[in-house]
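One-letter residues, chain by chain:
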Amino acid sequence: MTFPLPLNDVVFAVAKILFSILGVGLSIAGFLGWVERKQSAVMQDRIGANRASIFGFTVLGLFHPIADAIKLLTKEDFVPKGARKPLHGLAPIISLGCGMFCLAALPYGGVVDYAGRAWDLTPIALPMGVPLVLAALAFGVHGIVMAGYASGSNYGLLGAMRGAAQMIAYEVCLASALAGLLFVYGTLDFTEAVRWQVSHGVWGIFLQPLAFIIFLTAGTAVTKRVPFDLPEGESEIVGYHVEYSGMKFGMFMMTDFFESIVICGVITALFLGGWSIPFVDFPSLAGRSGLWGLWPVAAGALMVGSSVGKILLMLFLLMQVRWTLPRFRFDQVLDLGWKHLLPLALINFLVTVWVVYLWR
Amino acid sequence: MAITVRTVKRPERTFATELYLVEIVKGLGLTFRHLFVNLYRHSKRALGLKGLPGSVTVQYPDDPAVLGKRARTRHRLLKRDDGAPRCTACLLCETICPAKCIRITAENAPDVTVEKRAKTFDIDLGMCIFCGYCVEACPVDAIHMDANEVELSSYNRKDMIWNMPELLGDVPKTPSRP
């Protein structure tokens, strides 16, 4: 690598990261707040939030996320008396920062040849992408524990302890569910994993359906949403963020949505074939002539649209699961994680290894 | 009367329910069905077509409140056929009222078969607990709780007291503004 980098490389890298965090992360996270309200309302025979209006227009309640954002930004940022102030401020930043990093490490598209060079559409392309995303997701729990500990409140500490216990329950399954799949792919890179699925013409979900279910379950636990919402405990208000207000609380809420997007992105990349669309050959599509030579750009946009569309579909499913299932008890989560998911994931891994060994 | 015992069979815990996954899929099917059926009904309504509503929500302050047939609402005093109030000022309702919100003063009635009648009849709706005992206690069926009116709030406590002409419906209640 030559240094200083060419300017267009730097601009493109920054644009990719901004797209992943602002375009995908923030806009989908803001949209998800609306989706969650409306989807739960429609499936429970209700109407849902429909009162926020601008000049009398409500547009199906789409202005509610804007109203929420304005409220959170203008609200007093209250720090309780017993709180450890630096940690209290640092916790939401750690939580949100980990989610943001994961967003930027997801593959949104492959490599497109345009204007005499190759453009890699993955914001942060790393040969160790999968373990790094898993590590960042695990590190996000530090923000939760820190928040509960630093707020100087017993309720916050209880929520933080629950968060730590839940992390112990799901974290091992999360990684071991992916072990078999990554063994088949022979790579730890998201982009390489997607390329393997494209070149072999089969998606990961058909290779490893059990791993998909285990990863989806453990992934739901990562996002701290309802079947596994022990750290938040919305129904009894014993959560790690009880002592947070204003935008700090908003950052925790956004972390939830960001982590949902990340989990759905990982599922999309490893199980649902990433940006690939069945019967669409992207290299030949990009190599076509006509359209004023913009076919590569169109192919790249289609790649990004395809992966984001798959992420949105998975998010839709996660929302539906959130409003369908009741909540797990504390010990049930640990039981589920250690007694059921982990043995299944390990058996899945061993069987996969043997099958791959015999096949070769 | 003999006590009848109905034995409710416990749901059997088969492998499918123990697995939990089948039940999750069933539950998701239920919620997805509700979601798509309601979305279809909502969009049909949005296009101006007739059909079932997509939600059961009553948007109360905008739309009128839906009250049950037997809902206990504001009190109403009834009249006899000749137009005189039915109330004979026996004070049974005032006596039974657990909230002590009824004040009656009696006077001699010109009709000798009635003997007494109410001179004033005040109900403090700010204290009323809408138990309906006064309706049950009344021997001459003079008081009902079927005015179908539940929007009774006012800006001060004095306006919560309804007097006899207002309860009879002779004089409309005109609350004072703040």
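Refer to the structure above for everything that follows.
What counts as what
Residues numbered from 1 in each chain as written. Chains lettered and ligands numbered in written order. Predicted model: local features only at pLDDT ≥ 70, side-chain atom pairs only at ≥ 80, totals over all residues. Heavy atoms only, no water. Helix = DSSP H or I, 4+ residues; strand = E, 2+ residues; numbered from the N terminus. Rg over C-alpha atoms; globule rule 2.2 N^0.38 Å. Buried < 20%, exposed > 50% of the residue type's maximum accessible area, 1.4 Å probe, protein only. Contact = heavy atoms within 4.5 Å. Areas by Shrake-Rupley, 256 points an atom, 1.4 Å probe, with all protein chains shown as cover. Lys, Arg positive; Asp, Glu negative; His and termini not counted. Charge placed at Lys NZ, Arg CZ, Asp CG, Glu CD. Patch = residues over 30% accessible without salt bridge, like charges linked within 9 Å, V, L, I, M, F, W, Y side chains within 5 Å. Salt bridge = Lys/Arg side-chain N within 4 Å of Asp/Glu carboxyl O. 1 Å grid on protein atoms, 1.4 Å probe; cavity = no way out; pocket = protein on both sides within 12 Å on 5 of 7 lines; lining within 4 Å. Points joined across faces, edges and corners; volume = space filled by probe spheres on them. Nonpolar A, V, L, I, M, F, W, Y, C, P; charged D, E, K, R; others polar. Core = buried A, V, L, I, M, F, W, Y, C linked by side-chain atoms within 4.5 Å.

Engineer: Tell me what's going on with the overall build of chain B, and back it up with residues and numbers.
Structural biologist: Scanning chain B from terminus to terminus reveals five helices and five strands. The order of helices and strands in chain B, counted from the N terminus, is α-α-β-α-β-β-α-β-β-α. For a compact globule of 178 residues, the expected C-alpha radius of gyration is about 16 Å, and chain B comes in at 26 Å, more than 25% above that figure. Burial status across chain B gives 25% buried among its 178 residues. Taking as baseline every contact in chain B between residues at least 6 positions apart, the subset at least 24 positions apart corresponds to 57%. Put simply, chain B shows about 13,300 Å² of open surface, and 57% of that area lies on carbon and sulfur atoms. Taken as two groups, the 27 positive and 21 negative side-chain charges of chain B have centres that lie 8 Å from each other.

Engineer: Let's hear about a nonpolar patch on the surface: which residues, and what values?
Structural biologist: Residue and element names in this part refer to chain A. Together, Phe 31, Ile 54, Phe 55, Phe 57, Val 59 and Leu 62 make up a nonpolar patch on the protein surface, roughly 640 Å² of accessible area in all. By the element assignment, Ile 54 lies in the loop between helix 1 (7–43) and helix 2 (64–74). Its relative accessible area of 38% is what places Ile 54 among the partly exposed residues.

Engineer: Which residues make up the layout of surface pockets, and what are the values?
Structural biologist: By volume, the largest pocket is sized at about 1,000 Å³. Together, 37 residues line the largest pocket, and Arg 37, Asp 68, Leu 72, Met 253 and Phe 257 of chain A are the ones closest to its centre. Among the elements that line the lining of the largest pocket, the one with the most residues is helix 1 of chain A, at eight residues. Residue composition of the lining of the largest pocket, by class: 19 nonpolar, six polar and twelve charged. As a volume, the second largest pocket reaches approximately 870 Å³. If you list the elements that add at least two residues to the lining of the second largest pocket, you get helix 8 (209–222), helix 11 (295–324) and helix 12 (330–359) of chain A together with helix 1 (15–19) and helix 2 (21–46) of chain B. Looking at the lining of the second largest pocket element by element, the count peaks at seven residues for helix 8 of chain A. For the lining of the second largest pocket, the per-class residue count stands at 21 nonpolar, four polar and two charged.

Engineer: Summarise the nonpolar core; cite the residues concerned and give the values.
Structural biologist: Residues and elements named next belong to chain A. Ranked by size, the top nonpolar core spans 80 residues in total, and within it Phe 215, Ile 267, Leu 270 and Phe 271 carry the most contacts. Top contributing element to this core by residue count: helix 9 (residues 246–270), with twelve residues. Other than its neighbours up to four places away in sequence, Leu 270 contacts Val 130, Leu 178, Leu 181, Leu 182, Tyr 185, Phe 190, Ala 193, Gln 197 and Gly 204.

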